Amino acid sequence: MTPVTPHAASTAARVSDFADSEMFRRLFRDGMDLVEETASYLDGPGRDDAKRLGRSGALAYASESMGLTTQLMQCASWLLTQRAVAEGDMSPREAAEERYRLSPNKFSPPTWPAGDDPCPPRLGDLALRARELHERLMRLDDSLFEAELKPVANPVASQLSQLSAAFGEL
C-alpha cells in the first residue's frame, strides 16, 4: 500500500470539498444540460442545418460536430467522476488518476466560412459554450490535482545538499 503524503491528503480533501459543494452541483447541472442541448440540436435541427450547407460547409460542420461531441463527452466524464467522488463511489485519489483527468482540447475549430457557407449560428454558439466549459474544467482540474503533479521537495535533502555544498561531501 502506498503511503499517503501530506500533499496527497490535502489534494484528497480539496477534491472531496469541491465535489460536495454547491458550486460543483451547479457546474454539473449546467455541463450536463449543455451535453443534452447539444445532442438534441445535432440529432434534430442540426441535421437540417447541415443539409442546407454546400460541400465545404458540410465537411466543416461534420468536423465541428465531431470535435464538439468529443469535447463534451470528456467534460461529462470528468463531471461524472467528480460526482462519483461526492457520492462516495470513488475516492479522490482514484479521481486523480490520469485516465479520469481532462486532456487539453486537441481539436482546432474549422475555419468558417467554409466555401460560401457560414457556420450555422446555433452550432457556433454550442461550440463556443463547449470550449468555455472545457477551459473552465481544465482550470479546475489543474487546481484540484496540482499537488499530484508537483513532487514535494524534501526539506532534509535540501538542507543536506546545502551543507554538502558548504563543507564538501558529508
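Our subject is the structure that appears above.
As the structure is a prediction and not an experimental result, all values here were calculated from the model.

## Considering the overall build of the chain
Looking only at helices and strands, the chain features 7 helices and 0 strands. Along its sequence from the N terminus, the chain presents helices and strands in the succession α-α-α-α-α-α-α. The proportion of buried residues among the 170 residues of the chain is 35%. Look at the contacts in the chain between residues 6 or more apart in sequence, and 81% of them connect residues 24 or more apart. Total accessible area on the chain stands at roughly 10500 Å², and carbon and sulfur atoms take up 56% of it.

## Digging into the side chain of threonine 38
Among the secondary structure elements, threonine 38 is positioned in helix 2 (residues 22–43). Exposure remark for threonine 38: the relative accessible area of 3% places this residue in the buried category. Every residue in contact with threonine 38, bar those within four places of it in the chain, is listed here: Leu68, Leu72 and Leu126.

## Concerning the side chain of aspartate 141
For aspartate 141, the location among the structural elements is in helix 6 (residues 121–149). Given the relative accessible area of 1%, aspartate 141 is considered buried. Each residue touching aspartate 141, except ones within four places of it in the same chain, is listed here: Trp78, Arg101 and Leu102.

## As for the environment of arginine 101
Of note, arginine 101 is situated in the loop between helix 5 (92–95) and helix 6. Placed 27 residues apart in sequence, arginine 101 and glutamine 74 show a C-alpha to C-alpha distance of 8.9 Å.

## What about a positive patch on the surface?
A surface patch of like charges, here positive, comprises Arg26, Arg29, Arg136 and Arg139. Elements represented by at least two residues in the positive patch include exactly helix 2 and helix 6. Here arginine 26 lies in helix 2. The exposure class assigned to arginine 26 is partly exposed, which follows from its relative accessible area of 42%.

## Here's the deal with the pattern of salt bridges
According to the stated counting rule, one finds 10 salt bridges in the structure shown. In this structure, glutamate 22 and arginine 25 form a salt bridge, with 3.3 Å as the shortest nitrogen-oxygen distance. In this pair, glutamate 22 and arginine 25 both sit in helix 2, 3 residues apart, roughly one turn of the helix. For arginine 83, the salt bridge is made with glutamate 87, and the minimal N-O distance between the two is 3.9 Å.

## Section: helix 4 (residues 55–86)
The first and last C-alpha atoms of helix 4 sit 46 Å apart over 32 residues, in line with the 46 Å expected at 1.5 Å per residue. Remark: glycine 88 follows helix 4 within two positions and exhibits a positive phi of approximately 80°.

## A word on the packing of aromatic side chains
Tallied over the entire structure, the rule returns 3 aromatic pairs. With centroids separated by 6.3 Å and ring planes inclined at 50°, the aromatic side chains of phenylalanine 18 and tryptophan 78 adopt a geometry described as tilted. Of this pair, phenylalanine 18 sits in helix 1 (residues 6–19) while tryptophan 78 sits in helix 4, and the two are 60 residues apart along the sequence. Residue classification places tryptophan 78 among the buried positions, given a relative accessible area of 1%. Consider the rings of phenylalanine 24 and phenylalanine 28, whose centres lie 5.9 Å apart with planes at 50°: the pair is tilted. Of this pair, phenylalanine 24 and phenylalanine 28 are both found in helix 2, 4 residues apart, which corresponds to roughly one turn of the helix.

Each value, and the rule that gives it
- Residues numbered from 1 in each chain as written.
- Predicted model: local features only at pLDDT ≥ 70, side-chain atom pairs only at ≥ 80, totals over all residues.
- Heavy atoms only, no water.
- Helix = DSSP H or I, 4+ residues; strand = E, 2+ residues; numbered from the N terminus.
- Buried < 20%, exposed > 50% of the residue type's maximum accessible area, 1.4 Å probe, protein only.
- Contact = heavy atoms within 4.5 Å.
- Areas by Shrake-Rupley, 256 points an atom, 1.4 Å probe, with all protein chains shown as cover.
- Patch = residues over 30% accessible without salt bridge, like charges linked within 9 Å, V, L, I, M, F, W, Y side chains within 5 Å.
- Salt bridge = Lys/Arg side-chain N within 4 Å of Asp/Glu carboxyl O.
- Lys, Arg positive; Asp, Glu negative; His and termini not counted.
- Charge placed at Lys NZ, Arg CZ, Asp CG, Glu CD.
- Expected span 1.5 Å × (residues − 1).
- Phe/Tyr/Trp six-rings, centres within 6.5 Å; stacked < 30°, edge-to-face > 60°.

Everything listed here is a matter of coordinates, which is why it stays silent on function.
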